[in-house]
Amino acid sequence: MPEAVAFQGVTDHSGLHEFSVRETDTFWGTLAHQRLSWISPFNTVQNCDFSQGKIKWFESGKLNVSVNCLDRHVHTYPERVALIWERDEPGTEVKVTYRELLELTCRLGNLLKRQGVGKGDCVTLYLPPCPLAVASMLACARIGAAHNVVFAGFSAGALADRVRDTQSSTVITVNQGVRGGKVIDLKKTVDQAVQNCPSVRQVLVAMRTENTVVMTDRDVPLEEEMMKENVVCDPVAMDSEDVLFLLYTSGSTGKPKGLVHTQAGYLLYASITHRSVFSYQDGDVFGCMADIGWITGHSYSVYGPLCNGGTTVLFESTPVYPDPGRYWETVERLGISHFYGAPTAIRLLLKYGDEWVQKYDRSSLKTLGSVGEPINTEAWDWYHQVVGDGRCPVIDTWWQTETGGICIAPRPSDPDSEIVPGMAMRPFYGIKPTLLDAKGESLPGCESTGALCISLAWPGMARTIHNDHQRFIETYFQPYPGYFFTGDGAHRTKEGYYQIVGRLDDVINVSGHRLGTAELEDVVSLCPAVAESAVIGYSHDIKGEGVGVFVVLKRGVQIDQDVLAQQLREMVSRNIAKYASPDFIQVVRRLPKTRSGKIMRRILRKVVEQKDDLGDLSTLDDSEVVYEVIRGHQKLR
Ligand code: 6R9
């Protein structure tokens, strides 16, 4: 039970949840007073109208997010560790206290001001996870500028698109990044990108490695200039609804959307979910493995933990560097209590076997979290039994860049409540999920499956799409008037628990039967030879849609393709239905994924349908994978 959440004597989850959706203003208003430090108080809790895409929380209130994340903790425990920078090379971690992080943030804030950056500007960060990246985010917040973190693995073209769309005056980067033992020339990518970005006046360059880089007139050596600055920087009083950051996320069509999050509502939601969903206690070490270039890194590596005065890990490496024991060696060395990772990484590690986990002492672990995709049964069991020794709860958290923080998770309040494997289960406080059918009718009662919508506004939700409010309305509020539409499908069990079945555009319709790709993948992944799978629907003359299955085999597995196909068809027929039996099965070496590890099924579908235009590939991790799949598919035909 998070200490702050108790209303009128109600402390159990269903009672609190019911209160939060009935007395929404009292609920959020009280928490905003209790948990945030305000410069001047707000006078309305919310002012929202879904039909216009209008979302406003805590209007007229003024606060500074960096003060909430730093200064107030420096007053009480300056020497507490805020950040543990887990650098690429194991055993070289760097710890940064709250006092040090505040100093770093102030110096950077002053440097940005000296460079002419102020309220209303946007600063693009092209940085790997590191204390300077966090300090840069907080420095923007301190002086009133918005930040736009671009994953430091995106191409120059993708970076340029995002810089241009935000009209950033400033880019912050490092000379080189280091990941998985490889050195990556990030500054070179920035040089290439900003050539086509007239808004950029300066590029601040920090040194991650000792290798020098060519500096132009536009470039500012960050450490050198920062050290000239004062360690005190007055925080700007920001309105609750001023922009805190923009973050780009791709849709299935069109250019990426720059989602906008604002100050107070976002911070409150990130911090309260971090505290409650994971039962985070003072002294715990929170290990969120996501890169800061994703919303997960924003909310659960940076803003949530820091607002709560926690200790948070910034992971620079990969799950398999220098070997597949990296995560668990890191858990042992840093004493991580909360490990928050992605199903894609769990599935990858599972392939390598249990020894890599069992080699290390994981007794510090209390809670395991999962985010980003549905976690299939096999991965869930392995995470729970092997990584967590059957002792640590697995918390499957459903949410989106758009939602700002976790919306559905098994234990939003009660640390002892039941957990059903592979399900996100319970809505968080203030979240009112509704399932709708194709006609837009709300599906009453339990045991139903439909489009997952949310019928009440909550403080963490995105406010608009930068420069395109109309697209915001059309994407999220027009498909089901009166509701926020998530784009995901979900099933509600008879107990009232929610299970996410995947993106709705990933739903397959075979001869009139709707099938979720997630449920098919879950069955396919139970085959002992299979490490990972992606199921797609593709247009089929007779059935409307056919079922295509792509599988990656476990390491060292040799199996005849016909035998495998036979096995998988039997498994699907037995566990789902005969009509769901795959039309083809293709073994691939790798699956096309986004940089954050989500399988890009829409590309696989286009490959199978032999489309020339594969759509927006800017978020694809490695385009070579697509060509491998195309070559393999041609042989199959
Ligand atoms: C936080 C994040 C959002 C989409 C979302 C859904 C999928 C995320 C999930 C999940 C099943 C979970 N997703 N968590 N699906 N179970 N626990 O990932 O944000 O990058 O914006 O992606 O990811 O499809 O709509 P984002």
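Read on for a plain summary of the structure. Remember, it's a predicted structure, so these values are computed and weren't measured experimentally.

## A few points about the overall build of the protein chain
Within the protein chain, the regular secondary structure consists of 19 helices and 30 strands. Taking the principal axes of its C-alpha atoms as reference, the protein chain extends roughly 70 × 60 × 50 Å. Contacts in the protein chain between residues at least 24 apart in sequence constitute 70% of all its contacts with a sequence separation of at least 6. Accessible surface, the protein chain: about 23500 Å² in total, of which carbon and sulfur atoms supply 49%. Each charge class in the protein chain can be summarised by its mean position, and for the 65 positive and 77 negative side chains these summaries are 2 Å apart.

## Considerations on the sheet that holds strand β29 (residues 544-553)
Spatially, the three strands line up as an open sheet ordered β28-β29-β30, and their pairing is mixed. The outermost strands of the open sheet, each flanked by one partner alone, are β28 (530-540) and β30 (584-587). Mean inter-strand twist for the sheet, computed between neighbouring axes without regard to direction, equals 25°. Strand direction decides the pairing type here: β28 and β29, joined by 10 bridges, are antiparallel. In the sheet register, G537 faces β29, and the bridge partner there is V547.

## Some words on the sheet that holds strand β10 (residues 219-221)
Taken in spatial order, the eight strands line up as β10-β9-β6-β4-β5-β12-β13-β23 in an open sheet, and their pairing is mixed. Strand pairing shows two members of the sheet lacking a second neighbour, β10 and β23 (464-465), which therefore form its edges. As paired strands, strand β5 (residues 146-149) and strand β12 (residues 243-249) are joined by two bridges and run parallel to one another. Opposite H147, over in β12, you have F245 as the bridge partner.

## Observations concerning the site of the ligand
Around the ligand sit 16 residues in total, of which D396, T397, T401, D488 and R503 are the nearest. Contact between the ligand and E373: a nitrogen atom at 3.4 Å from a main-chain N or O atom of the residue. In this structure, Q400 approaches the ligand through a side-chain N or O atom, which is 2.9 Å from an oxygen atom. In isolation the ligand offers 530 Å² of accessible surface; the protein chains occlude 91% of this area. Those elements giving two or more residues to the shell around the ligand turn out to be α10 (295-307), β18 (394-397) and β25 (498-503).

## Some thoughts on the nonpolar core
Judged by nonpolar contacts, the single largest core of 163 residues is most densely connected at W28, F58, L101, Y303, L306 and F339. If one sorts the elements of this core by residue count, helix α5 (residues 131-143) sits on top with 10 residues. Ranked by size, the runner-up nonpolar core spans 21 residues in total, among them L515, V535, V549 and L564.

## Examining the environment of G297
Inspection of the secondary structure assignment puts G297 in helix α10. Residues G297 and F315 lie 18 residues apart in sequence; the distance between their C-alpha atoms is 9.9 Å. Filtering out sequence-adjacent residues up to four positions away, G297 remains in contact with A290, D291, I292 and V302.

## Here we look at the pattern of salt bridges
Oppositely charged side chains are able to pair whenever their charged atoms sit close together. Applying the stated criterion across every chain yields a total of 39 salt bridges. We note a salt bridge from K187 to D191, for which the minimum N-O separation is 2.9 Å. Within this pair, K187 and its partner D191 are both found in helix α7 (residues 186-194), separated by four residues, close to a single helical turn. Among the salt bridges present, the one from R208 reaches E316, with a minimum N-O distance of 2.7 Å. Within this pair, whereas R208 is found in the loop between β9 (202-206) and β10, its partner E316 is found in the loop between β15 (311-315) and α11 (326-334), the two being separated by 108 residues in sequence. Note on R208: relative accessible area 16%, which makes it buried.

How each quantity is defined
Residues numbered from 1 in each chain as written. Predicted model: local features only at pLDDT ≥ 70, side-chain atom pairs only at ≥ 80, totals over all residues. Heavy atoms only, no water. Helix = DSSP H or I, 4+ residues; strand = E, 2+ residues; numbered from the N terminus. Contact = heavy atoms within 4.5 Å. Areas by Shrake-Rupley, 256 points an atom, 1.4 Å probe, with all protein chains shown as cover. Lys, Arg positive; Asp, Glu negative; His and termini not counted. Charge placed at Lys NZ, Arg CZ, Asp CG, Glu CD. Pairing = 2+ DSSP bridges. Axes fitted to C-alpha atoms, helices over the stretch in contact; angles between N-to-C directions. Near = heavy atom within 4 Å. Polar contact = N/O pair within 3.5 Å; in protein donor to acceptor, adjacent residues only side chain to side chain. Core = buried A, V, L, I, M, F, W, Y, C linked by side-chain atoms within 4.5 Å. Buried < 20%, exposed > 50% of the residue type's maximum accessible area, 1.4 Å probe, protein only. Salt bridge = Lys/Arg side-chain N within 4 Å of Asp/Glu carboxyl O.

Keep in mind these values describe shape, not function.
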